[in-house]
Amino acid sequence: MTSLTPYSESLERVRSVLVFFAATGPANAAVLAELESEVRVAVSAARAALLPAEEVRADLDRVAMVTLPSSSAAAASRLMNGWATLAFEQAPVRSASERDELRS
């Protein structure tokens with residue numbers, strides 16, 4: 001059995017919160033806060049793995065599409081992609097030496 005990477009684990013947590021999103025919709029503030037938190041964790045893990053923002057947004061879209069009905073998936077994708085974009089923009093830019101350290 002292979003172990004999950006921090007990024008894949010964070011996507012799994014996003015999927016878990018989306019199950020609650022499916023039941024409550026975007027009206028539940030607690031679910032939205034948890035979903036935003038998990039998206040930010042996923043972005044952090046993706047940045048550590050040197051994944052581009054576009055790939056992360058595509059992964060979030062895929063998770064939403066396989067977890068939710070299409071109308072809910074579209075709404076969740078819009079929210080998650082907004083949070084992911086903000087998280088990528090707010091994260092500090094790493095120097096070349098810091099990126100090399102992350103790779104090793």
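Shown above is the structure to which this text applies.
Basis of the calculations
Residues numbered from 1 in each chain as written. Predicted model: local features only at pLDDT ≥ 70, side-chain atom pairs only at ≥ 80, totals over all residues. Heavy atoms only, no water. Helix = DSSP H or I, 4+ residues; strand = E, 2+ residues; numbered from the N terminus. Expected span 1.5 Å × (residues − 1). Buried < 20%, exposed > 50% of the residue type's maximum accessible area, 1.4 Å probe, protein only. Contact = heavy atoms within 4.5 Å. Polar contact = N/O pair within 3.5 Å; in protein donor to acceptor, adjacent residues only side chain to side chain.

Engineer: Quick rundown of helix 4 (residues 70-90)? Include the residues and the values.
Structural biologist: The end-to-end C-alpha separation of helix 4 is 30 Å, in line with the 30 Å expected for 21 residues at 1.5 Å each. For helix 4, the set of buried residues is Ala73, Ala75, Ala76, Ser77, Met80, Asn81, Trp83, Ala84, Ala87 and Phe88.

Engineer: Tell me about the environment of Asp61, residues and numbers included.
Structural biologist: Relative to the helices and strands, Asp61 resides in helix 3 (residues 53-67). Taking relative accessible area as the criterion, Asp61 reaches 28% and is therefore assigned partly exposed. Sequence-wise, Asp61 and Ala76 are 15 residues apart; in three dimensions their C-alpha atoms are separated by 8.3 Å. Here Asp61 is in contact with Ser77 and Asn81, once residues within four sequence places are set aside.

Engineer: Which residues make up the side chain of Glu38, and what values do they have?
Structural biologist: Considering the arrangement of structural elements, one finds Glu38 in helix 2 (residues 29-48). A polar atom in the side chain of Glu38 sits 3.0 Å from the side chain of Arg13. Once residues within four sequence positions are removed from consideration, Glu38 is found in contact with Arg13, Val14 and Val17.

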